[in-house]
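# Fold and contact review
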Amino acid sequence: MTQHKGLDRRSFLRNTGWTALVAGAAANTPLAAAPFDLAETAQAPAGTFDFDTPYNRLGTDSIKYDQPNRTYGKGSVEVGMGIADMDFRAAPSITKALQERLQHENWGYLDTPASFAEGIIAWNKKKYNVDIKPGELIVTMGVHPGLIATLKAFSPVGSKVLLQTPTYNGFYGDLTASRTISQEVLLKRVNGKFEMDFDAFDAAIGPETYAFILCNPQNPTGNCWSEADLMKIGEICLKRGVLVMADEIHCDFAMKGQKYTPFANLPDKKIVNNSITYKAASKSFGLAAHKTAWFHSTNPELLAKVRVHHRAEMNTLGIVANQAAYAGGEEWLRQCVNYIDGNHDFAVDYIKKNLPLVKAYKAEGTYLMWLDMTGLAEKIDAKGRADKFNREKAANVAARKPEQMIEEWLVRNAKVHLNSGASYGKGSDNHMRMNIATSRKTLEKALSNMASAMRAGTTSMAQG
Ligand SMILES: Cc1ncc(COP(=O)(O)O)c(C=O)c1O
């Protein structure tokens, strides 16, 4: 093991029994007839990166694939479409930099190099014309630690934090960690499109409201908020003394014809000075487990207050990977976003044609789809199932919502795992979040599994 140069995944998968398990699980289902190639490599034409060959993550302790298989039982899930990471092989610049660093076999404390911040600043300037001065940037170990430190600095214990729902479920954990409470404001649905409800937002602000977590592009609806939206919400927050915490971690995923507008670039300096922005390369380059992110603000007083509650000691491989992503990954990312855009089109079209119990629209940004599964929920009586579960469960077992019954139904009947809308706040009834950052083949496999299950299930929905 001491000579181990990297993860020998083939033997790792063999040793953990996952290859047999995948094959066995596939053989046991009639859906296995669909071609599903688990090959790990393929030749892409020169100058292009291969997002198209399914990249097998089973047996690597991934939350997306391995966790639902642990929850529901070995072999239950063929396609993980939950947590927001990507199923692609990393950009070559990242792997190369990590391999080089591994040659030096010492992992003592890291003095984060200045070049790391310089790379972030250069990237933001080049891609989005955001000017970040070195003193305006704080490096952190994930967006969550930055959000939590900020909440501790600005939102006293027991105070309310504005969230526009449905919203990223992880924010609720940040509120728990800072002992604050959510003040949910529903996004409006106008002609099928989510919009901010400015009046409701304004009305929700009380004497106990000090902070608002903005999500742009929005997880899970995919909205890319316009400059006008951001100005209006920014004005309200400034007027009412509410800090804007702009989580822009999904910024690199604006789909064709859509635009990500950085809060820091708004044309009103006072509004910008009332904000802190949180970002990372982790979504963009598939580096989530490297635990590396940053936040920035043009207002030094805000940052000084957050610093009191913030402690970050960066890990070496995270810094190496992130630097390499920005230094050499731009073209990889361009192709990746393009591929995801194609996945969005493919999935919306497939769902419209083959999954009549599901309503989908093309997201403006992110690699997430927010699916209305009311049709399926009614067919399988998700509410009745949840009620029954809650009546019969032991006292120490958590109560379930209908969306969790949909999640389980999809695992049991389609071998696909999606995130249940239950944890995304108000307005998430009968919704599921589907992550489509995967090869088209894998996406097609998941959708065809779901279509077959729903077709078969129309006669026997009570089962499973
Ligand atoms: C909107 C949003 N913020 C934050 C995070 C998590 O960020 P990190 O892993 O850097 O803590 C996610 C992950 O899905 C996210 O979607």
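Within any chain, residue numbers begin from 1 and follow the written order of that chain's sequence. For this predicted model, a pLDDT threshold of at least 70 governs which residues receive local features, and a threshold of 80 or more governs which side-chain atom pairs are given and counted, while totals over whole chains, interfaces and linings are taken from all residues. The basis for every side-chain value is the complete set of heavy atoms in the structure, and neither hydrogens nor water enter the calculation.

### Quick word on the overall build of the chain
Helix and strand counts for the chain come out as 18 helices and 13 strands. Partly exposed residues are those whose accessible area sits between 20% and 50% of the maximum for their type, while under 20% is buried and over 50% is exposed, using a 1.4 Å probe and protein chains only. The proportion of buried residues among the 464 residues of the chain is 54%. Any two residues whose heavy atoms approach within 4.5 Å at even a single point are treated as in contact. Put simply, of all contacts in the chain between residues at least 6 apart along the chain, 74% involve residues at least 24 apart. Reported accessibility uses the Shrake-Rupley method at a 1.4 Å probe radius. Residues are deemed covered only where the shown protein chains occlude them. When the accessible surface of the chain is summed, it comes to about 20,800 Å², and 52% of that surface belongs to carbon and sulfur atoms. Numbered from the N terminus, helices here are DSSP runs of H or I no shorter than four residues, and strands are runs of E no shorter than two.

### Considerations on the site of the ligand
Neighbouring the ligand are the residues A84, G142, V143, H144, Y168, C215, N219, D247, I249, H250, K283 and K291. Measuring from an oxygen atom of the ligand, one finds a side-chain N or O atom of H250 at 2.8 Å. Here an oxygen atom of the ligand and a side-chain polar atom of K283 are 2.7 Å apart. Here the ligand loses 92% of its free accessible area of 400 Å² to cover by the protein chains. Gly counts as polar in this scheme, as do all residues outside two lists: the nonpolar Ala, Val, Leu, Ile, Met, Phe, Trp, Tyr, Cys and Pro, and the charged Asp, Glu, Lys and Arg. Here the residues of the shell around the ligand are counted per class, giving 5 nonpolar, 4 polar and 3 charged. A molecule or strand has a residue near it when one of that residue's heavy atoms lies within 4 Å. We call two N or O atoms a polar contact when they sit within 3.5 Å, provided that within protein one can donate a hydrogen and the other can accept it, with sequence-adjacent residues counted only if both atoms are side-chain atoms.

### Things to note about empty space enclosed by the protein
A 1.4 Å probe that fits but cannot get out identifies a cavity on a 1 Å grid over protein atoms alone, an open set with protein on both sides within 12 Å along at least five of seven lines counts as a pocket, and a residue lines either if it has an atom within 4 Å of a point. Grid points are joined across faces, edges and corners, and a volume is the space filled by probe spheres set on the points. Summed over all chains, the structure comprises 2 cavities of 30 Å³ or more. Every residue along the wall of the largest cavity is listed here: D131, E136, A264, V272, S275, T277, H296, S297 and T298. A volume near 30 Å³ is recorded for the second largest cavity. Around the second largest cavity, the lining residues are W123, N124, Y128, C251, D252, K279, A280, W294 and Y326. Per-element accounting of the lining of the second largest cavity gives the leading share, 3 residues, to helix 5 (residues 114–128). Split by residue class, the lining of the second largest cavity holds 6 nonpolar, 1 polar and 2 charged.

### Concerning the environment of Q99
Take Q99: it is sitting in helix 4 (residues 92–102). Classification of Q99 by relative accessible area gives partly exposed; the value is 47%. In this structure the C-alpha to C-alpha distance between Q99 and L317, which are 218 residues apart in sequence, comes to 9.9 Å.

### Overview of helix 9 (residues 227–240)
Here a helix's expected span is defined as the number of its residues, less one, multiplied by 1.5 Å. Here helix 9 contains 14 residues, and its C-alpha end-to-end distance of 20 Å stays within 8% of the 20 Å for a straight helix at 1.5 Å per residue. Among the residues making up helix 9, those that are buried are D229, L230, M231, I233, G234, I236 and C237. Lining the buried residues of helix 9 we find strand 3 (160–165), helix 8 (198–204), strand 7 (209–215), strand 8 (243–247) and helix 10 (269–273). Phi for G241, located one or two positions after helix 9, is positive at around 70°.

### A word on the sheet that holds strand 11 (residues 368–372)
Pairing is mixed in the open sheet, where 4 strands are placed in the order 1-12-13-11. Two strands close off the open sheet at either side, each with one partner strand: strand 1 (79–81) and strand 11. The mean angle between the axes of side-by-side strands here comes to 35°, regardless of whether they run parallel or antiparallel. Strands qualify as paired when DSSP identifies two bridges or more between them. In the sheet, strand 12 (residues 416–420) pairs with strand 13 (residues 431–435) via 2 bridges, with the strands oriented antiparallel. For S420, the partnering residue across the bridge sits in strand 13 and is M432. Helix axes use the C-alpha atoms of the stretch in contact, all axes being lines fitted to C-alpha atoms, and the angles between their N-to-C directions lie in the range 0 to 180 degrees. Of the strands in this sheet, strand 11 and strand 13 are in contact with helix 14 (residues 330–354), which crosses strand 11 at around 15°. With respect to the sheet, helix 17 (residues 402–414) is in contact with strand 12 and strand 13, its orientation differing from that of strand 12 by roughly 175°.

### As for the confidence of the model for the chain
As a note on interpretation, predicted positions should not be read in detail where pLDDT is low. As a per-residue quantity, pLDDT reports the predictor's confidence and falls between 0 and 100. On average, residues of the chain score 90 in pLDDT, and 89% of them reach the 70 mark or higher. Ignoring residues within four places in sequence, the model shows residues 1–42, a span with pLDDT below 50, making 58 contacts including any to other chains. This stretch, residues 459–464, has a pLDDT under 50; its non-local contacts, to residues over four places away or in other chains, come to 15 contacts.

### Comments concerning the side chain of S155
As for its placement among the helices and strands, S155 is situated in the loop between helix 6 (143–154) and strand 3. Residue class for S155 comes out buried when judged on its relative accessible area of 2%. Those residues in contact with S155, other than ones at most four positions away along the chain, are T150, K160, V161, T180 and Y210.

### Digging into unusual backbone geometry
Outside of glycine, negative phi angles account for most residues, and trans bonds account for most peptide bonds. The linkage connecting N216 with the following residue, P217, adopts the cis geometry, with an omega of -10°. Along the chain, P217 turns up in the loop between strand 7 and helix 9. Of note, the amide linkage connecting N219 to P220 takes the cis form, showing an omega dihedral of 15°. For P220, the position within the fold is in the loop between strand 7 and helix 9. Unlike most non-glycine residues, K415 shows phi in positive territory, near 55°. Checked against the element boundaries, K415 lands in the loop between helix 17 and strand 12. When its relative accessible area of 16% is taken as the criterion, K415 is described as buried.

### Overview of the pattern of salt bridges
Should a side-chain nitrogen of Lys or Arg be within 4 Å of a carboxyl oxygen of Asp or Glu, the pair is scored as a salt bridge. Taken as a whole and assessed by the stated rule, the structure comprises 21 salt bridges. A salt bridge links K64 to D87, with the shortest nitrogen-to-oxygen separation between them at 2.9 Å. A residue pair is termed long-range when its members are at least 10 positions apart, and K64 in the loop between helix 2 (18–27) and helix 3 (66–72) and D87 in the loop between strand 1 and helix 4 qualify at 23 residues. Judged by its relative accessible area of 2%, D87 is buried.

### A short note on the pairing of strand 2 (residues 137–140)
Alternating positions in strand 2 separate into two faces, L137 and V139 on one and I138 and T140 on the other, with burial throughout. Pairing of strand 2 with strand 10 (residues 293–296) involves 4 bridges; the strand directions are antiparallel. Looking across to strand 10, one finds that I138 is bridged to F295.

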